[in-house]
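Per-entry structural report
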Amino acid sequence: MSQRWSGVSSRADVVPEIAAAVGFVSSLLRTRGCVSEHQLQVFSGALQEALTEHYRHHWFPEKPFKGSGYRCIRINHKMDPIISKAASQIGLNLQQLYQLLPSELTLWVDPYEVSYRIGEDGSICVLYEAAAATPVSSYGMLTCKNQMMLGRTSPSKNYMMTVSS
């Protein structure tokens, strides 16, 4: 485990990739206007804690694509259990979540990059990107995200999107 991950315990120490993912999902809930700022804070804290614990032994900065499928957050007409668990902390049930979040959402949380896609044929957009301390070669690597792109019929368009909280 990297030093960047060990000792993550407080909100100030959160891994930036998790912060980007939490900020993005929270912003999706915020745009609908059905969730109060207090509820968003509680949801964000619960999601951050759940992702930190879930990824604790599946985070490999030296091999960022290792475990990418495990770190993928997916809503595909079935709610990701990590999101539903965090939402239950603010009283949102599955039906409400399906109304507030896209029915097709894939969020990849990998060391040095967080990206998402809305819809099965949507473009993949980068939310967060950082340079690795040592160059990482992905040549020949078939990542979870790359596997999903293999069957695309149209070229993807990458856009940079920033999320503020």
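We now turn to the structure provided with this report. (Residues numbered from 1 in each chain as written. Predicted model: local features only at pLDDT ≥ 70, side-chain atom pairs only at ≥ 80, totals over all residues. Heavy atoms only, no water.)

1. Examining the nonpolar core
So the rule is basically this: Take the buried residues of types Ala, Val, Leu, Ile, Met, Phe, Trp, Tyr and Cys, join any two whose side-chain atoms come within 4.5 Å, and each joined set is a nonpolar core. Remark: exposure states derive from per-residue accessible area (1.4 Å probe, protein chains only) relative to the maximum for the residue type, with buried under 20%, exposed over 50%, and partly exposed in between. Each helix is a run of H or I in the DSSP string that is no shorter than four residues. Each strand is a run of E no shorter than two, and both are numbered from the N terminus. Only heavy atoms enter the contact rule, under which two residues are in contact if any of them lie within 4.5 Å.
Judged by nonpolar contacts, the single largest core of 38 residues is most densely connected at Phe43, Leu51, Ile83 and Leu107. Elements with a contribution of two residues or more to this core: α1 (16-31), α2 (37-55), β1 (72-76), α3 (81-88), α4 (94-100), β2 (104-110), β3 (113-118) and β4 (124-129). No other element matches α1, which puts eight residues into this core. If near-sequence neighbours (up to four positions away) are discounted, Leu107 is found in contact with Ala21, Phe24, Val25, Arg71, Cys72, Ile73, Val114, Ser115, Tyr116 and Leu127.

2. Focus: the pairing of β4
We apply this condition: Two strands are said to pair when DSSP picks up at least two bridges between them.
The sheet contact formed by β3 and β4 spans five bridges and is antiparallel. Considered in β4, the bridge of Tyr116 is made with Cys125. Where β3 hands over to β4, the hairpin turn is made up of five residues, of which Gly119 adopts a positive phi near 90°.

3. Some thoughts on the pattern of salt bridges
Opposite charge on two side chains makes pairing possible when the charged atoms of those side chains draw close. To be explicit about the condition: The rule for a salt bridge is simple: a side-chain nitrogen of Lys or Arg has to be within 4 Å of a carboxyl oxygen of Asp or Glu.
This model, assessed by the stated rule, comprises five salt bridges. Arg56 serves as the salt-bridge partner of Glu53, at 3.5 Å between the closest nitrogen and oxygen. Here Asp110 and Arg71 are joined by a salt bridge, their closest N and O atoms 2.8 Å apart. Here the residue Asp110 occupies a position in strand β2, and Arg71 occupies one in the loop between α2 and β1, the gap between them amounting to 39 residues. One network of salt bridges, with partners in common, ties together Arg74, Arg117 and Glu120.

4. Looking at the packing of aromatic side chains
Short version of the rule: Pairing of aromatic rings covers Phe, Tyr and Trp, the last counted by its six-membered ring, and requires centre-to-centre distances within 6.5 Å; plane angles under 30 degrees mean stacked, over 60 mean edge-to-face, and any other angle means tilted. Consider the ring centre and the ring normal. A charge sits over the ring if Lys NZ or Arg CZ is within 6 Å of that centre and within 35 degrees of that normal.
Enumeration over the complete set of coordinates arrives at two aromatic pairs. Both rings, one in Tyr55 and one in Trp59, keep their centres 6.1 Å apart while their planes meet at 20°; by these two values the pair is stacked. Of note, Lys66 hangs over the ring of Phe60, and the distance from its end group to the ring centre comes to 4.4 Å.

5. Some details on the sheet that holds β2
Rules: Axis definition: a line fitted to C-alpha atoms, limited for helices to the stretch in contact. Angles are taken between N-to-C directions and run from 0 to 180 degrees.
The four strands are arranged β1-β2-β3-β4 in an open sheet whose pairing can be described as antiparallel. In this open sheet, the two strands that pair with only one neighbour each are β1 and β4. Looking at each pair of strands side by side, their axes are set apart by 10° on average, direction ignored. Two strands pair when backbone bridges link them, and β1 and β2 are joined in this way by five bridges, in the antiparallel orientation. Bridge pairing in β2 places Arg74 opposite Thr106. Contacting β2, β3 and β4, α1 runs over the sheet at an angle of about 160° to β2.

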